[in-house]
Amino acid sequence: MASTRTYEVVALEVPIAYDAYGDHDRNGMVFALAEHEAELRSIREGWPDPFPTPIEEPERLPKPHPLVRPLVLRARVGERVVVSFRNELRQRAGIHPQGVRYDVHRADGGAVGRNPDSSAEPRGGRRTYVWDCDLEGVFFFHDLADLRGSEQGSQAHGLFGALVVEPPDATWTNPETGAPLRDGLYADVHVPGEPSFREYVLFMQDETPNDNPVPPPHPFFECDRPRPHTHAVAAGGERLAPIFDGRGGHDGGHGEDGEDRGDGAEAEHESMMLMSY
């Protein structure tokens, strides 16, 4: 009979600080272990309101907190994971896993088609999800009760995580303390008879809301050399330094057709791509 690993998980509303420069999501949501609930609630209660202006009050800006991140659970191949889930959001929520075996009528984490709704009611609703880990790998999980793909959806606000299924007989520890690890982005994994290795779980998120009262600058690049030429360093070109003056874009002095426009008008410098921090 497969051994069972149990996790108590809660969905919470917690503001998310992306960096120390004012970029944040004031309506952030996270899955977290229930043992961290009190500390996460204290972050929400201590969040500054109104939010300070980064230019005028940089010392008051919240900094990223190590617990405000995607939840990463771990298990071994062959184990059964039992997730006791409690939803403290103001909307329905559930946990929908990838890559594991489960009863779609009871553990799908949402309401899909004619399947019964296996999400949890707002403000304290509970569900128990059972996942059988047959395969080794890294498997994404997310909220299936809110399928909106816009910036209003729960996933855009951070309600997702991952289950890492390790080899049989593996153990994992905190890379800094060596203590057994309950959850975390980083782990030292130990497999009997094999070298230990350090594991990193990386998440990439799109459509991230940003409530910074000062919008991030967009760089542009200017060059007065005639085309064609390259600025690719790998091809022997000279790297251009970005200029920040609020215009954004990156076409710069080349103009739309490769030459300066000459009519006194500036080309538009707009971009939908946020800078990487």
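Residues numbered from 1 in each chain as written. Predicted model: local features only at pLDDT ≥ 70, side-chain atom pairs only at ≥ 80, totals over all residues. Heavy atoms only, no water.

Q: Honestly, the overall build of the chain in this entry has me stumped. Any pointers?
A: Each helix and strand in the chain was counted, giving 1 helix and 13 strands. Each helix and strand of the chain, placed in order from N terminus to C terminus, yields the pattern β-β-β-β-α-β-β-β-β-β-β-β-β-β. For the chain, buried positions account for 42% of its 277 residues. Contacts in the chain between residues at least 24 apart in sequence constitute 67% of all its contacts with a sequence separation of at least 6. Surface summary for the chain: the accessible area is close to 15900 Å², and the carbon and sulfur share equals 51%. (Helix = DSSP H or I, 4+ residues; strand = E, 2+ residues; numbered from the N terminus. Buried < 20%, exposed > 50% of the residue type's maximum accessible area, 1.4 Å probe, protein only. Contact = heavy atoms within 4.5 Å. Areas by Shrake-Rupley, 256 points an atom, 1.4 Å probe, with all protein chains shown as cover.)

Q: Help me understand the sheet that holds strand β6 (residues 80-87) in this model?
A: Strand pairing in a sheet takes place through backbone hydrogen bonds and is either antiparallel or parallel in direction. Spatial ordering of the open sheet is given by β4-β1-β6-β8, a layout of 4 strands whose pairing is mixed. With partners counted over all chains shown, the strands left at the sheet margins are β4 (29-33) and β8 (125-132), one partner each. Pairwise comparison of adjacent strand axes, ignoring direction, gives a mean angle of 25 degrees for this sheet. Note that β6 and β8 share 8 bridges and pair antiparallel. Its bridge partner lying in β8, Arg80 is registered against Asp132. Those strands touched by helix α1 (residues 37-45) are β1 (4-13), β4 and β6, and its axis lies near 15 degrees from that of β1. (Pairing = 2+ DSSP bridges. Axes fitted to C-alpha atoms, helices over the stretch in contact; angles between N-to-C directions.)

Q: Sorry, what's going on with the nonpolar core here?
A: Generally speaking, a soluble globular protein has its nonpolar side chains buried in company with each other. If you look at the biggest cluster of nonpolar residues, it comprises 26 residues, and the most contacted ones within it are Val9, Phe31, Phe85, Ile95, Trp131 and Leu163. Secondary structure elements with two or more residues in this core: β1, β4, β5 (71-76), β6, β8, β9 (137-142) and β10 (160-166). Membership of the second largest hydrophobic core comes to 10 residues, among which are Leu12, Val30, Ala32 and Val68. (Core = buried A, V, L, I, M, F, W, Y, C linked by side-chain atoms within 4.5 Å.)

Q: What should I look at first to understand the packing of aromatic side chains in this one?
A: Working definition: an aromatic ring pair is given by the centre-to-centre distance plus the angle between the planes. Applying the stated rule across the entire model yields 8 aromatic pairs. Ring geometry for Phe140 and Phe160: centres 6.0 Å apart, planes at 35 degrees, overall tilted. Of this pair, Phe140 sits in strand β9 while Phe160 sits in strand β10, placing them 20 residues apart in sequence. Centre to centre, the rings of Phe160 and Phe203 are 5.7 Å apart; their planes meet at 40 degrees, and the pair counts as tilted. Taken together, the residues span a long stretch of sequence, with Phe160 in strand β10 and Phe203 in the segment after β13 (197-200) at a distance of 43 residues. Taking relative accessible area as the criterion, Phe160 reaches 8% and is therefore assigned buried. Put simply, the rings of Phe31, Phe85, Tyr129, Trp131 and Phe141 pair up and form one aromatic cluster. (Phe/Tyr/Trp six-rings, centres within 6.5 Å; stacked < 30°, edge-to-face > 60°.)

Q: Looking at this structure, I do not really get the pattern of salt bridges. What am I missing?
A: Close approach of charged atoms allows side chains with opposite charge to pair. Inspection of every chain in the model, using the stated rule, returns 21 salt bridges. When the shortest N-O distance is used, the salt bridge between Glu79 and Arg76 registers 3.0 Å. By relative accessible area, which is 5% here, Glu79 ends up buried. Note on Arg76: relative accessible area 22%, which makes it partly exposed. Where Arg198 meets Asp188, a salt bridge forms, and the shortest distance between an N and an O atom there is 2.6 Å. (Salt bridge = Lys/Arg side-chain N within 4 Å of Asp/Glu carboxyl O.)

Q: What's the story with the environment of Thr6 in this structure? I'm lost.
A: Of note, Thr6 is situated in strand β1. Residues Thr6 and Arg80 lie 74 residues apart in sequence; the distance between their C-alpha atoms is 8.4 Å. Excluding residues within four positions of it along the chain, Thr6 makes contact with Val82 and Arg182.

Q: Looking at this model, I keep getting lost on unusual backbone geometry. Mind explaining?
A: Peptide bonds are, in most cases, trans, and in most cases residues other than glycine have a negative phi. Along the chain, Asp49 connects to Pro50 via a cis peptide bond; the corresponding omega equals 5 degrees. Position of Pro50 relative to the elements: it lies in the loop between α1 and β5. Positive phi, normally seen in glycine, also occurs at Arg123, with a value near 55 degrees. For Arg123, the position within the fold is in the loop between β7 (96-97) and β8. Located in the positive-phi region is Asp169, a residue other than glycine, with phi close to 70 degrees. Examined against the element boundaries, Asp169 turns out to sit in the loop between β10 and β11 (171-173).

Q: Just to check I follow, could you spell out the side chain of Asn87 for this structure?
A: On the secondary structure map, Asn87 appears in strand β6. What makes Asn87 buried here is its relative accessible area of 0%. A distance of 2.8 Å separates a polar atom in the side chain of Asn87 from the backbone oxygen of Gln91. At 3.1 Å, the side chain of Asn87 forms a polar contact with the backbone oxygen of Glu121. (Polar contact = N/O pair within 3.5 Å; in protein donor to acceptor, adjacent residues only side chain to side chain.)

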